[in-house]
Amino acid sequence: MGWGVRVFLTVTNLVKSYQTGIATPVLKGLSIELDKGQIGVILGPSGSGKSTLMNIIGGVDKADSGTADVGGTRVTDLSDSQLVEYRRESVGFVFQFYNLIPNLTVAENVEVVSNISKSPLPLQDVLASVGIADKKNRFPRELSGGEQQRVSIARAIVKNPALLLCDEPTGALDFNTSRSVLALIQKVNAEFGTTILMITHNSAIAGMAHAVYRLRSGEIAEATHNAELVPAERIEW
Amino acid sequence: MALRKRVLRTLLENKGRYIGIFILIFIGSFSFLFFRGFSGNYARLINEFAEENKQEDVSFTTYEPIADVPALEREVGAIIETHRHYDVQLPEERELRLIGLTETVNKPQALTGRDLANPGEILLSPGFFNSNGYQIGDKIEVGGKTFTVIGTAALPDYVYILKYVNDVMAPPGFGVGVVSADELEYPEAVTVYAVRFNDRTNVKAQVSGLYNALVGKGISLSEWMDASTNKRIRMPWATISGMQAMSVPVPTAMFLLSCLIVGLMIRRIVRSESVIIGILYAQGYRRKELVRHYLSIPVLISAAAGVSGVLLALPLIAPSVKVMATLYYTVPYENIAISFLDIALGILMPVAFLGIACLLVIRQELNKPPAELMKGSREKAKANIFERVLKLESLPFDLKFKVREQLRSVSRLLFLLFGVMAASFIMLIGFAINHSMNVVFSGESDAEFNYSWEYAFKELQQGEPSPGAVPFNAIRCYPAGRETVEFYLSGIITDVPYVSDLLDAKGNELPKGQVNITSLLANRLRIGVGDELTVVNRLDGKEYSLVIDGIVQTYSGQFVYMPLSGFNKMLGMPEGSYSGVFSEETQNYDPAVLSGAKDLRNVTNTMDELMMPMMTVIISLAVLGALIGAIIIFLVISLTIEESRSSISLLKIFGYRSKEVKKLMLGSSRPIVIIGFLLSIPVMLASMNAMYAYLGEMINIALPILLSPGYVVISFVLIYGVFELSKLLCARKLAAITMSEALKAGAE
Ligand SMILES: Nc1ncnc2c1ncn2[C@@H]1O[C@H](COP(=O)(O)OP(=O)(O)O)[C@@H](O)[C@H]1O
Ligand SMILES: [Mg+2]
């Protein structure tokens, strides 16, 4: 990978299984890498272990063996309370179903995160850059799905995280909305230089990522790297 | 049916909460039946006793014997029976009032042992009998005679045993004993005419008729006691009214609180199961069946709690009535019965309260079409008016978050507020009563007397009082047009200290040469300095007008003071005459000239005796308040956590430390708890003042309700401690919420 500026995320031989009566292996010794400031996409069918992988990288789940290093921190070695600090400082989360707190306004939902970060970006700027500054006093229910996902992205980037994790951010959105949300993610990457790892089961999205990993039953089936990124606006499916 | 099993599972899943609700309803049903049963039985016992044993309507004493009693009886249509009584000092500061046995009015009734049959026998009041550890058959030495104790008795004119009718309590060691009339040949014994009218309607008018007849005949009265204001007769009614009053608000508050919280919980359950409900609908379940299913939880809980409350109250009523009947208000206690209606109400009321509340909630939810129900309950996120209107932008985030957390459910917030108010109210009542009693009766305030003894003479005295004796004169009177308010108008001498210092609200000594009124009486009559007060002499009906010059700040006593010389002049009494004296040392008066001698030093002793049972009541009330507070706060915090599970899970994902999550989620109730407590103080004071004013009117007592800062602090610490404890209990629930809850949200 000669063209990499600096490796930021390294996952090596990650193994994870769930105990549900019998042990079900979900990740079977999987490895990926992502350079700083790049967008990585994990593609795969439902149930292939995408979310599990991302949760371990994000410090909300634990691996059985193998390692995950993020920006020089071995996440897989952190204790529970160290994981809290790691998530607090370094990771932004965007979920498929937005997960906004229903009784807080748009601005307040973003403040949930800026409230605990050391040097958050100015709230107004973040709201403006995701395009919902005029709706900051609305409640999530009063917004469309795409708008809610924008709030969720604003919430994730307000602390200017080193790593932004997006788990099927367009999974619940229609085509046009999906495209504009993807464009926003691309814009965040360009504007703030945030390293982004995104999950999707839509292979058309692969074009907008520097690195693409195809997952199949807990294993990497294929890894590709794009030299040229397709702008999200031009993606079709 | 599968639905039935789900009910049990729901109950078990939230054991803690349902136990809390069970206890609230239990307290409601218990207090309802207990207070109703107790006051109902007591009222009946007292009424029956008064009827069957011919309680007097009025009694009086005169300076000269009435010559023709039968003629008077015919004239006023009454039975008038005379009896004599005589107070005998016994060793160890005990005192026994011997009362001659009567045949027609105020007939005593043996409670233990048997009725009087032979000379030399005595029946004792149960309190005196018990405290002296007597046995039936004991011989006791009283007033130079030996009597055989043959049992205990209740007297219709001494239901509440008082030495002096205007006292609040009898001195410790005081009791009454009934002996055959022949035993009372003591020359100093007082002769009392006890009157009971034949026509039992409009007794009040007949009492005035008798009074006018006596005054018209020129008979001068030395004492006049109308049963309607006689504490010995009326005091129990104050307690009964108090209990009856308690039998309504306490259970109502408990049932309403339970309704609020159960309604809230049921709504949550129904909403969270709306998908299942939609599917059941679609499969042909009728709405009625589903309503019945969800209704079974509140009905089960309230019926179980109602039955338990009733079952615990039932066996306690009879013993409590008996204790009351022997220790406080002496009446025969037989045939204690509890009405089926009360029992049924004790069970059905909570069932109806909760059933109806939940029915409304459930119907509202189930009225939606199946298609909408199947879509799920996303709409619970809808913002209410308060959330919408509130502009919180400029507040710090933590505060905003907490405010939003509280506003999220208005009914939950009201439940917490009213619940904490109810709990604090119950706690504060006990403390306030205790403190008020302490201030009124013990040395904490104006009960610091300047003299040790008070002597009252049967007849007006003239001439120089004996050395060390400070004379005063007084009449019992009432304000024109308001007979229920009785007080003393006292003439006092101005050049030596009065029995207690006359201080105004600022603590300055008031001039004794003017007309001063005690603050309690002034408040009751709603008069102030400069107002005119027309008083009527209770014994001869003459009216006098006074202008108030000063108000004596006091928590006890209903008096109007004026200089002795002016008093005598106004009443047309000889200059320098007096009806009693105060003295530092004991005086050796001939008992024959005295109508009473009062030891002013043992006021505090009396208090101690009263405080023992008081303490139990206060501690129980404090414990009850704390328990209710704990249940309510625990329920609210646990519901708050339940409703915010996904937010809590999110906060954890975002890297909130567990201490921060705790602070945000558990701390939001704190201001409501504090506000609820603070609000309960004025509410308690206002309602207790209203209650005391009402009771005071019944028994001519003016009682202030006072709250000491110390007790407020104690109550607050208790309530706040309960809050912290509930937080501690709920912290585990908080810790148990995993991050995967939010990660999986919406994924099913
Ligand atoms: N908490 C869990 N307990 C048991 N099995 C789980 C749990 N989380 C995920 N799984 C299983 O692990 C597999 C991978 O899940 P996931 O990583 O969510 O897949 P994806 O995100 O690719 O759809 C699935 O088969 C899923 O059923
Ligand atoms: Mg997934």
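Residues numbered from 1 in each chain as written. Chains lettered and ligands numbered in written order. Predicted model: local features only at pLDDT ≥ 70, side-chain atom pairs only at ≥ 80, totals over all residues. Heavy atoms only, no water.

Asks: Looking at this structure, how should I read the overall build of chain B?
Replies: Along its length, chain B carries 22 helices and 20 strands. In chain B, buried positions account for 53% of the 748 residues. Pairs at least 24 residues apart make up 82% of the contacts formed inside chain B by residues separated by at least 6 positions. Accessible area of chain B: about 32600 Å², with a carbon and sulfur share of 60%. Both charge centroids of chain B, one from 69 positive and one from 71 negative side chains, sit 21 Å from each other. (Helix = DSSP H or I, 4+ residues; strand = E, 2+ residues; numbered from the N terminus. Buried < 20%, exposed > 50% of the residue type's maximum accessible area, 1.4 Å probe, protein only. Contact = heavy atoms within 4.5 Å. Areas by Shrake-Rupley, 256 points an atom, 1.4 Å probe, with all protein chains shown as cover. Lys, Arg positive; Asp, Glu negative; His and termini not counted. Charge placed at Lys NZ, Arg CZ, Asp CG, Glu CD.)

Asks: How should I be thinking about the domain arrangement of chain B in this particular structure?
Replies: Put simply, an interface is often sized by how much accessible area is lost when its parts join up. Residues and elements named next belong to chain B. What the domain assignment reports for chain B is domain 1 (1-54 + 233-377), domain 2 (64-219), domain 3 (410-444 + 602-748) and domain 4 (453-584). Put simply, the middle of domain 1 and the middle of domain 2, counted by C-alpha atoms, are 47 Å apart. At the interface, 16 residues of domain 1 touch 21 residues of domain 2. Here domain 1 and domain 2 share an interface that buries about 1600 Å² over both sides, 61% of which is from carbon and sulfur atoms. When residues of domain 1 are sorted by the area they lose upon contact with domain 2, N53, K54 and T330 head the list and together hold 38% of the total. (Domains from an automatic or database assignment. Buried area = accessible area lost by both parts, 1.4 Å probe.)

Asks: I'm lost on the site of ligand 1 in this one. Help?
Replies: Taken together, A:Y18, A:T20, A:V26, A:P45, A:S46, A:G47, A:S48, A:G49, A:K50, A:S51, A:T52 and B:K744 are the residues near ligand 1. At 3.1 Å from an oxygen atom of ligand 1 is found a main-chain nitrogen or oxygen belonging to A:G49. Between A:T52 and ligand 1, the recorded distance is 2.5 Å, taken from a side-chain N or O atom to an oxygen atom. Listed by contribution, the elements that provide at least two residues to the shell around ligand 1 are β1 (7-20) and α1 (50-57) of chain A. The biggest single contributor to the shell around ligand 1 is α1(A), with three residues. In terms of residue class, the shell around ligand 1 is built from three nonpolar, seven polar and two charged. (Near = heavy atom within 4 Å. Polar contact = N/O pair within 3.5 Å; in protein donor to acceptor, adjacent residues only side chain to side chain. Nonpolar A, V, L, I, M, F, W, Y, C, P; charged D, E, K, R; others polar.)

Asks: Just to check I follow, could you spell out the pairing of strand β11 (residues 453-461) of chain B for this structure?
Replies: Sheet faces and side chains relate simply in a regular strand, where the side chains alternate between the two faces. Residues and elements named next belong to chain B. As paired elements, β11 and strand β19 (residues 578-583) share five bridges and run antiparallel to each other. Of the residues in β19, the one forming a bridge with Y455 is V581. Of the pairings in the sheet, the one linking β11 to strand β20 (residues 594-599) comprises five bridges and is antiparallel in character. Residue pairing for β20: F457 is matched across the bridge by L594. (Pairing = 2+ DSSP bridges.)

Asks: Which parts of the structure should I look at to understand the environment of B:A313?
Replies: All names here are of chain B. Looking at the secondary structure, you find A313 in helix α9 (residues 287-327). Considered as a pair, A313 and F32 are 281 residues apart in the sequence and their alpha carbons are 8.9 Å apart. Those residues in contact with A313 that sit more than four places away from it in its chain are F30, L33 and F34.

Asks: I tried to follow the pairing of strand β3 (residues 94-100) of chain B on my own but got confused; where do I start?
Replies: Residue and element names in this part refer to chain B. Among the seven residues that make up β3, seven are buried, leaving the element largely enclosed by the rest of the structure. Neither face of β3 is open: one carries R94, L96, L98 and G100, the other E95, R97 and I99, and all of them are buried. For strand β2 (residues 78-90) and β3, the ladder comprises six bridges, and the chain directions are antiparallel. Bridged to H85 within β3 is I99. Counted along the chain from β2 to the antiparallel partner β3, the turn is three residues long, and its residue E92 has a positive phi close to 60°.

Asks: I would appreciate a short explanation of the sheet that holds strand β5 (residues 73-74) of chain A in the present structure.
Replies: Strand pairing in a sheet relies on backbone hydrogen bonds, with the paired strands running either antiparallel or parallel. Residue and element names in this part refer to chain A. Pairing is antiparallel across the open sheet formed by four strands, whose spatial order is β2-β1-β4-β5. The open sheet is flanked by β2 (22-35) and β5, the only strands paired with a single partner. Here eleven bridges tie β1 to β2, and the two strands are oriented antiparallel to one another. When the sheet's bridge partners are listed, L9 is paired in β2 with L34. Docked against the sheet, α1 engages β1, β2 and β4 (65-70), running at close to 120° with respect to β1. (Axes fitted to C-alpha atoms, helices over the stretch in contact; angles between N-to-C directions.)

Asks: How do you make sense of unusual backbone geometry when you look at a structure like this?
Replies: Glycine aside, residues mostly have negative phi, and peptide bonds are mostly found in the trans state. Even without a glycine there, the phi angle at A:N13 is positive, about 50°. With respect to the helices, strands and loops of the structure, A:N13 is situated in strand β1.

Asks: Just checking my understanding: could you explain the interface of chain B and chain A for this structure?
Replies: Listed as interface residues are 31 residues of chain B and, on the opposing side, 29 residues of chain A. For the pair chain B and chain A, the summed buried area comes to about 2800 Å², and 57% of that belongs to carbon and sulfur atoms. The three residues of chain B that bury the most area against chain A are B:F397, B:R404 and B:F654, which together make up 22% of that side's buried surface. Taken together, chain B and chain A are joined by six salt bridges. Of the charged contacts in the structure, one is a salt bridge between A:E85 and B:R657, with a shortest N-O distance of 2.5 Å. On inspection of chain B and its partner chain A, the count reaches 15 residue pairs in polar contact (both at pLDDT 80 or more). Listed by contribution, the elements that provide at least two residues to the side of chain B that touches chain A are α12 (385-389), α13 (397-407), α18 (645-653) and α22 (740-743) of chain B. With six residues, α13(B) is the largest single contributor of residues to the side of chain B that touches chain A. Looking at side-chain class alone, the side of chain B that touches chain A contains 15 nonpolar, three polar and 13 charged residues. (Salt bridge = Lys/Arg side-chain N within 4 Å of Asp/Glu carboxyl O.)

Asks: How should helix α10 (residues 340-366) of chain B be read in this particular structure?
Replies: Residue and element names in this part refer to chain B. Spanning 27 residues, α10 covers 37 Å between terminal C-alpha atoms, matching the ideal 39 Å at 1.5 Å per step. At L348, α10 shows its largest bend, some 30°, and a proline, P350, comes one to four positions later. Tucked inside the fold, the buried residues of α10 contact α2 (15-52), α7 (249-272), α8 (274-282), α9 and α11 (370-374). (Expected span 1.5 Å × (residues − 1). Bend = angle between axes of the 7 residues up to and from the residue.)

Asks: Could you clarify how one ought to interpret the side chain of A:D69 in this entry?
Replies: All names here are of chain A. Counting through the fold element by element, D69 comes out in strand β4. Accessibility expressed as a relative area gives 15% for D69, which makes it buried. Of note is the side chain of D69, whose polar atom sits 3.0 Å from the side chain of R74. Each residue touching D69, except ones within four places of it in the same chain, is listed here: F8, L9, T10 and R74.

Asks: Even after reading the chapter, I still don't get the packing of helix α3 (residues 69-76) of chain B against helix α5 (residues 203-216) of chain B, so can you show me in this structure?
Replies: Residue and element names in this part refer to chain B. At a minimum axis distance of 10 Å, the contact between α3 and α5 shows a crossing angle of 135°. Our classification of the angle between α3 and α5 gives oblique. Between α3 and α5 lies a crossing of right-handed hand. Of α5, the residues touching α3 (which contributes L72, E75 and V76) are Q206, L210, A213 and L214. (Parallel < 35°, antiparallel > 145°, perpendicular 65-115°, else oblique. Left-handed = near helix turned anticlockwise from the far one by under 90°.)

Asks: Please explain the sheet that holds strand β9 (residues 211-216) of chain A as it appears in this structure.
Replies: All names here are of chain A. The strand order β6-β7-β8-β3-β9-β10 describes an open sheet built from six strands, whose pairing is mixed. Both edges of this open sheet fall to β6 (91-94) and β10 (219-225), since each of them pairs with a single strand only. Ignoring which end each strand starts from, the neighbouring axes of this sheet average 15° apart. Where strand β3 (residues 39-43) lies against β9, four bridges are found, and the strand directions are parallel. Each residue of the ladder has a partner; that of V41, found in β9, is V212. In the packing of helix α5 (residues 145-157) onto the sheet, the strands contacted are β6 and β7 (163-167), and the crossing angle to β6 comes to about 170°.

Asks: Which parts of the structure should I look at to understand the state of the cysteines?
Replies: Covalent bonding between the sulfur atoms of two cysteines is what defines a disulfide. Residue and element names in this part refer to chain B. In the structure shown here, the tally under the stated rule is zero disulfides over all chains. The structure places no disulfide on C259, whose sulfur is separated from the nearest cysteine sulfur, that of C358, by 7.1 Å. What makes C259 buried here is its relative accessible area of 10%. (Disulfide = S-S within 2.5 Å.)

Asks: Hey, could you run me through the packing of aromatic side chains in this one?
Replies: Two aromatic rings are characterised by how far apart their centres lie and by the angle between their planes. Residues and elements named next belong to chain B. Scanning the entire structure with this criterion turns up 31 aromatic pairs over all chains. A centroid spacing of 6.2 Å and a plane angle of 25° characterise the contact between Y488 and F559, whose relative ring orientation is stacked. One end of the pair, Y488, is in strand β13 (residues 487-492); the other, F559, is in strand β18 (residues 559-563), with 71 residues separating them in the sequence. Owing to a relative accessible area of 28%, Y488 belongs among the partly exposed residues under this scheme. For the pair Y720 and F723, a centre-to-centre distance of 5.6 Å together with 55° between the ring planes defines the contact as tilted. Placement of the pair is Y720 and F723 together in helix α21 (residues 709-736), with a separation of three residues, close to one helical turn. Given a relative accessible area of 0%, F723 falls into the buried group. Aromatic rings pair up to connect F22, F26, F30, F34, F35, F38, Y42, Y160 and Y329 into one cluster. Sitting above the plane of the Y186 ring, K145 keeps its charged end 5.6 Å from the centroid. (Phe/Tyr/Trp six-rings, centres within 6.5 Å; stacked < 30°, edge-to-face > 60°. Lys NZ or Arg CZ within 6 Å of the ring centre and 35° of its normal.)

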